[in-house]
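Secondary and tertiary structure notes
What follows is each chain in one-letter form.
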Amino acid sequence: MNARTNTHGSSGTRAGTRAGTGAGTSAGTSARNSARTIQGQKNLQDIRQSSKDGIGGSPLRPDGTLKVRGEFAYSSDMWHEDMLWGMALRSPHPRANILSVDISEALTVPGVYAVLTHEDIPGAKYYGLEIADQPALAIDRIRYHGESIALVAADHPETARRAVKKIKVEYEVLTPIVTEEQCLDPETYGYVHEPHEYKSHAHGNICHEQHLVSGLGVTDEVRALADVVVSGTYEVGMQDQAFLGPESGLAVPAEDGGIDLYIATQWLHVDRQQMAPVLGLPEEKVRLTLAGVGGAFGGREDLSMQIHACLLAQRTGKPVKIVYSRDESFFGHVHRHPAKMYYEHGATRDGKLVYADARIVLDGGAYASASPAVVGNAASLGHGPYVIPNVRMHAVALYSNNPSCGAMRGFGAVQAAFGYETQMDRLAAELGMDPVELRRLNAMKQGDLMPTGQEIDAPAPVAELLRRVKDMPLPPPLDTDDLDVRLLPGALSNTSHGEGIVRGVGYSVGIKNVGFSEGFDDYSTARVRLEVIGGEPVALVHTAMAEVGQGGVTVHAQIARTELGVEQVTIHPANTEVGSAGSTSASRQTYMTGGAVKLAAEAVKRELIEKGRRRYGWTQQDLTLAGGKVVSESAGALVSMVDLLGEDAIDLTREHHHRPTVPFDKETGQGFGHVQYTFCANRAVVDVDVELGLVKVVELTAVQDVGKALNPLSVVGQIQGGCTQALGLAVMEEIIVRDGKVRNASFTDYLIPTILDTPPIPVEILELPDPHAPYGLRGVGEAPTVSATPSIVAAIRNATGLALRRIPVRPEHLTTERPGEL
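Everything numeric here is computed off the predicted structure, so don't read it as measured data. (Residues numbered from 1 in each chain as written. Predicted model: local features only at pLDDT ≥ 70, side-chain atom pairs only at ≥ 80, totals over all residues. Heavy atoms only, no water.)

**Topic: the nonpolar core**
Tyr-343, Ile-360, Ile-719 and Ile-792 are the most contacted members of the largest nonpolar core, which totals 111 residues. It is helix 12 (residues 413-431) that provides the largest number of residues to this core, a total of 10 residues. If we ignore the near neighbours within four places in the chain, the residues touching Ile-792 are Ala-684, Val-686, Val-697, Leu-700, Leu-727, Ala-730 and Val-731. Counting residues in each nonpolar core, the second largest holds 45 residues, with Leu-288, Met-305, Ile-307 and Ala-574 among its members. (Core = buried A, V, L, I, M, F, W, Y, C linked by side-chain atoms within 4.5 Å. Buried < 20%, exposed > 50% of the residue type's maximum accessible area, 1.4 Å probe, protein only. Helix = DSSP H or I, 4+ residues; strand = E, 2+ residues; numbered from the N terminus. Contact = heavy atoms within 4.5 Å.)

**Thoughts on the pairing of strand 24 (residues 636-640)**
Most of strand 24 is tucked away: 5 of the 5 residues are buried. Direction of pairing for strand 23 (residues 629-632) relative to strand 24: antiparallel, over a ladder of 4 bridges. By the bridge assignment for strand 24, Val-631 is matched with Ala-637. With antiparallel pairing between neighbouring strands as the criterion, strand 23 and strand 24 make up a hairpin whose turn holds 3 residues. (Pairing = 2+ DSSP bridges.)

**Comments concerning the sheet that holds strand 26 (residues 676-689)**
Pairing is mixed across the open sheet formed by 4 strands, whose spatial order is 18-26-27-30. Bordering the open sheet on either side are strand 18 (501-514) and strand 30 (763-766), each of which pairs with just one other strand. Averaged over all adjacent pairs, the angle separating strand axes in this sheet is 20 degrees, with direction ignored. Pairing of strand 26 with strand 27 (residues 694-705) involves 10 bridges; the strand directions are antiparallel. When the bridges of strand 27 are listed, Val-685 appears paired with Glu-699. Where helix 14 (residues 462-471) meets the sheet, it contacts strand 18, strand 26, strand 27 and strand 30, and its direction lies at approximately 25 degrees from that of strand 26. Sitting on the sheet, helix 19 (residues 783-800) touches strand 18, strand 26 and strand 27, and the angle it makes with strand 18 is about 155 degrees. (Axes fitted to C-alpha atoms, helices over the stretch in contact; angles between N-to-C directions.)

**Re helix 18 (residues 712-731)**
In this model helix 18 runs 29 Å from its N-terminal to its C-terminal C-alpha over 20 residues, within 8% of the 28 Å that 1.5 Å per residue would give. Buried residues dominate helix 18, accounting for 15 of its 20 residues. (Expected span 1.5 Å × (residues − 1).)

**Details of the sheet that holds strand 19 (residues 523-533)**
The mixed open sheet is built from 4 strands, whose spatial order is 21-20-19-25. Since the sheet does not close on itself, it has two edges, and those belong to strand 21 (568-571) and strand 25 (650-657), each with one partner. Shown here is a sheet whose adjacent strand axes are inclined to one another by a mean of 20 degrees, direction ignored. For strand 19 and strand 20 (residues 536-542), the ladder comprises 7 bridges, and the chain directions are antiparallel. Looking at strand 20, one finds that Leu-530 is bridged to Ala-539. Helix 15 (residues 552-564) contacts strand 19, strand 20 and strand 21 of the sheet and is inclined by roughly 140 degrees relative to strand 21. Docked against the sheet, helix 16 (residues 589-616) engages strand 19, strand 20 and strand 25, running at close to 140 degrees with respect to strand 25.

**Some details on the packing of aromatic side chains**
Here the structure, examined in full by the defined rule, presents 10 aromatic pairs. When the ring of Phe-516 is compared with that of Phe-520, the centres are 5.2 Å apart and the planes differ by 85 degrees; the resulting orientation is edge-to-face. With 5.4 Å between their ring centres and 25 degrees between their planes, Tyr-616 and Trp-618 make a pair best called stacked. Of the residues examined, Tyr-616 reaches a relative accessible area of 27% and is grouped as partly exposed. Take Trp-618: its relative accessible area is 5%, and that puts it in the buried class. Here the aromatic cluster, defined as three or more aromatic residues joined through ring pairs, consists of Trp-267, Phe-516 and Phe-520. Positioned above the aromatic ring of Phe-72 is the side chain of Lys-67, whose terminal nitrogen or guanidinium carbon lies 4.8 Å from the ring centre. One Lys or Arg, Arg-300, reaches over the ring of Phe-243 and ends 4.1 Å from the middle of that ring. (Phe/Tyr/Trp six-rings, centres within 6.5 Å; stacked < 30°, edge-to-face > 60°. Lys NZ or Arg CZ within 6 Å of the ring centre and 35° of its normal.)

**Focus: the environment of Ala-153**
If you trace the backbone, Ala-153 turns up in strand 7 (residues 148-154). In the structure, Ala-153 is positioned 208 residues away from Val-361 in sequence and 41 Å away in space, judged by C-alpha atoms.

**A closer look at the pattern of salt bridges**
Per the stated rule, a full pass over the model turns up 43 salt bridges. As a salt-bridge pair, Lys-168 and Glu-105 come within 3.3 Å of each other at their nearest N and O atoms. Taken together, the residues Lys-168 in strand 8 (residues 168-173) and Glu-105 in helix 3 (residues 104-107) connect sequence positions 63 residues apart. Between Arg-161 and Glu-158 there is a salt bridge, and its shortest N-O distance comes to 2.5 Å. Here the residue Arg-161 and the residue Glu-158 both occupy positions in helix 4 (residues 157-165), the gap between them amounting to 3 residues, near one helical turn. (Salt bridge = Lys/Arg side-chain N within 4 Å of Asp/Glu carboxyl O.)

**Here we look at the packing of helix 15 against helix 16**
Look at helix 15 against helix 16: their axes get within 9 Å of each other, and the N-to-C directions meet at 30 degrees. Classified by the interaxial angle, the pair formed by helix 15 and helix 16 is roughly parallel. Helix 15 and helix 16 meet at a crossing whose hand is right-handed. Along the contact surface, helix 15 presents Val-555, His-556, Ile-559, Glu-563 and Leu-564, while helix 16 presents Gln-589, Thr-590, Thr-593, Gly-594, Val-597, Lys-598, Ala-601, Glu-602, Val-604 and Lys-605. For the contact of helix 15 with helix 16, the per-class residue count stands at 6 nonpolar, 5 polar and 4 charged. (Parallel < 35°, antiparallel > 145°, perpendicular 65-115°, else oblique. Left-handed = near helix turned anticlockwise from the far one by under 90°. Nonpolar A, V, L, I, M, F, W, Y, C, P; charged D, E, K, R; others polar.)

Quick look at the structure:
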């Protein structure tokens, strides 16, 4: 199909009318049998085509209209009678020892019901997504700017705010450990975490590291095989997920001593797994229900206010709501890892890659979060979708006193793509080759090996994606005779009338894994119920999938319609009453939870058909469900589901596990570490005002293989959204951290693309099925975020001749840098 018009990996150490009586086709002449078979197939085709909202269609989101109208209930809109408001006191220092905490004055504020410190925690003091290294409330040390120290519950949010200000903390302020050099010299600068403070930590400032060697590695002998060598150092700033809905939730104490939490999150079950020990409760007494989520992009995979709200509800015996302010949100969730990357590539004179040598240093901040898995992705995907005979890689995440970093769309592959794609452009320039042709010459294909030794055993159309993106029509050039200044960099600020404007074009391609990796038993659970309601068959789909905007609620209904042949599908609210659906991250939910819905629906279908066989004695082997009926390819419709079900219901639960993976070898990085790979190619066209350093992205084209577009409209939306987030990283988005302190914790100072910044994004999708995936699909949402940023920066280089080895590109980079070798 060509249709023109968005984690993480996780370490193993760590979603009718009555048409017959049930009689089969009677015997007769071969001619009559043939005619009946043809007619039966035609009837079945008509029945199947009557469902336009199944797989391959583009039904609208059930929550879309409400969101557009501003009528959708988000987690911050929740209310409960006799509800209290919670708030945290946060540290103004990135590194300090806590000498004392005095809450006495806060307790005297009228309307305050409770003030808690770590001494009031009934269970475990620490939690963590992969390593339990983060205190629920600071104990004796502060490790980052904004760390929570104490909690207040009051009858009004302003009361809680006043009480927080009355908590007195005495600090011994220490010099923060914030640079790579400081982190790697603990004898001089100290430790963020003491050596061996947590299991698997050999060095207190090293969170996780991964080596990778393939072929002969990179030796002097290998280097001698290359005719051309390019090397460079590249940097990526700290990006925020910048979702519009702040962290929020409502904790309600239950009569059985447990807690019911209504929360905006990405992974209900892992939240509960981390929360229960801290609350001193068994997991079955910590019940989570998904509330309306206003965006996520990885930032809700870790806990934020979940434990705090529940601790306050436990202490007060009242419902407690917490809603972060915008600046608090910047402190309250993890961010994309800033990175410093060192790359060297060698190639022959005709452009064939000989070797790649790289070191990627990720700043993980104060706590581990998902850093181990991000390191695994950076190491295993860090040389791109290219065949390279000899590879050496060292990826490491460091502990620092900077804000904690974890999952964000693209998850380790984003940073690496900026490094290796810049290298590809530099190699092409050195060789005098077209940059697209250099990439195509070295592109992976099915049957090739990753640097990890894993065979690419599904379509890998990297060269075809590049060909298609290059062949797509370019936007028209600027019309200098009839110039609309609104289309120029600076737009309505009227900074230019065409003078100093230069156009550039850039290309890139990227690779991203799908699903959890490195031996993690990734699975999702789905329950499907089929029954008659109001005189028609209705399916109920119940999973714990977090709908964070990716469209899972739409796709799950499409799967149920397709497999069960019904029109009416109800999506049960996501909660922990059903088995885990895993995280809404790693581009995995359609693959994993969609796969579970498919398995459960298929099981329901088999049971219903078997019920018909027992009742009617059917002998046909080609029975299925369509249009509310049991149908046969040979005999057409046999009986309606309404008649066959009667007052009965079929209710079944199934788990979907992807094929097993293994952890990467710690020293060589070898292993079947990833479930699936996905690829996207981009072309960016930009206009640059070289005098003022202003950039306008004129067009950002994407071509992506999606395996199977279950909902083409949603697929295109995911690709366009991923490209837009990549645009933000390329030219505007960065959390500014100075000496460990966040300097721009607001949407006034942290800029994200608006509709005025977003260019036309033509999308072409390929559907080359992956034989290992449900319906042959591939995860969609992250690949364009990986690949689009380098294309934008390449286009700016093409326009300006500047080297631009750091993102985001700022105006001062374009007006103070001198032209480099690009």
